[in-house]
Amino acid sequence: MSIKGKFSSDKDSKNHSVEVTAWNDLTSLNELDEIIQESELITIIVFKHSTRCDMSSAMLKRFEQDYNLNADSAKPYFLDVIADREVSNEIALRFEVIHQSPQIIVIKKGRAVYSASHGDILVKDILVFI
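What counts and what doesn't
- Residues numbered from 1 in each chain as written.
- Predicted model: local features only at pLDDT ≥ 70, side-chain atom pairs only at ≥ 80, totals over all residues.
- Heavy atoms only, no water.
- Pairing = 2+ DSSP bridges.
- Helix = DSSP H or I, 4+ residues; strand = E, 2+ residues; numbered from the N terminus.
- Contact = heavy atoms within 4.5 Å.
- Axes fitted to C-alpha atoms, helices over the stretch in contact; angles between N-to-C directions.
- Salt bridge = Lys/Arg side-chain N within 4 Å of Asp/Glu carboxyl O.
- Buried < 20%, exposed > 50% of the residue type's maximum accessible area, 1.4 Å probe, protein only.

Trainee: Lay out the sheet that holds strand β5 (residues 111–117) with the relevant residues and their values.
Mentor: Read across the sheet, five strands follow the order β1-β3-β2-β4-β5 without closing on themselves; strand pairing throughout is mixed. Both edges of this open sheet fall to β1 (24–25) and β5, since each of them pairs with a single strand only. The pairing of strand β2 (residues 43–49) with strand β4 (residues 103–108) spans five bridges and is antiparallel. Residue pairing across strands places I45 opposite V106, the latter belonging to β4. Contacting β2, β3 (74–80) and β4, helix α2 (residues 54–66) runs over the sheet at an angle of about 145° to β2. Set on the sheet, helix α3 (residues 85–95) makes contact with β2, β3, β4 and β5; between it and β3 the angle comes to about 125°.

Trainee: Pulling in residues and values, what's your account of the pattern of salt bridges?
Mentor: Scanning the entire structure with this criterion turns up four salt bridges. Notably, a salt bridge pairs D33 with R94, separated by 2.5 Å at the nearest N-O pair. With D33 in helix α1 (residues 29–38) and R94 in helix α3, this pair connects stretches of sequence that are 61 residues apart. Notably, a salt bridge pairs R94 with E90, separated by 2.8 Å at the nearest N-O pair. On the criterion of helical spacing, the pair formed by R94 and E90 is a turn pair, its members being four residues apart in helix α3. A relative accessible area of 34% places R94 in the partly exposed class. Given the relative accessible area of 22%, E90 is considered partly exposed. If you follow the salt bridges from partner to partner, you end up with D33, E90 and R94 in one network.

So this is what it looks like as structure tokens:
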């Protein structure tokens, strides 16, 4: 499964984002409740991204290039921390993970089992928790 291209662009697209169907957007507290329940059945990966941060954009691009997990192994969610600050703050509270962006959080059985931020976001490190 590939999740390439959430915010990548080419010269012909005039820097418009390309939506990738494999990303699942996380935009509300209700959706957060749903993914916590969903994490009982499948590993959830939440990528917290700041659209105002070059580092976040670089880490998102690297993550998308490296991501090759099967859809049956994990379900990736994307959270825009600028647009959905309330959800980002709630994640920090519920999972006792200090907010950072970019940040990756792996959720299993309702608990955050792994988190990393900035240059430490590596797909290979996530595989241990799948």
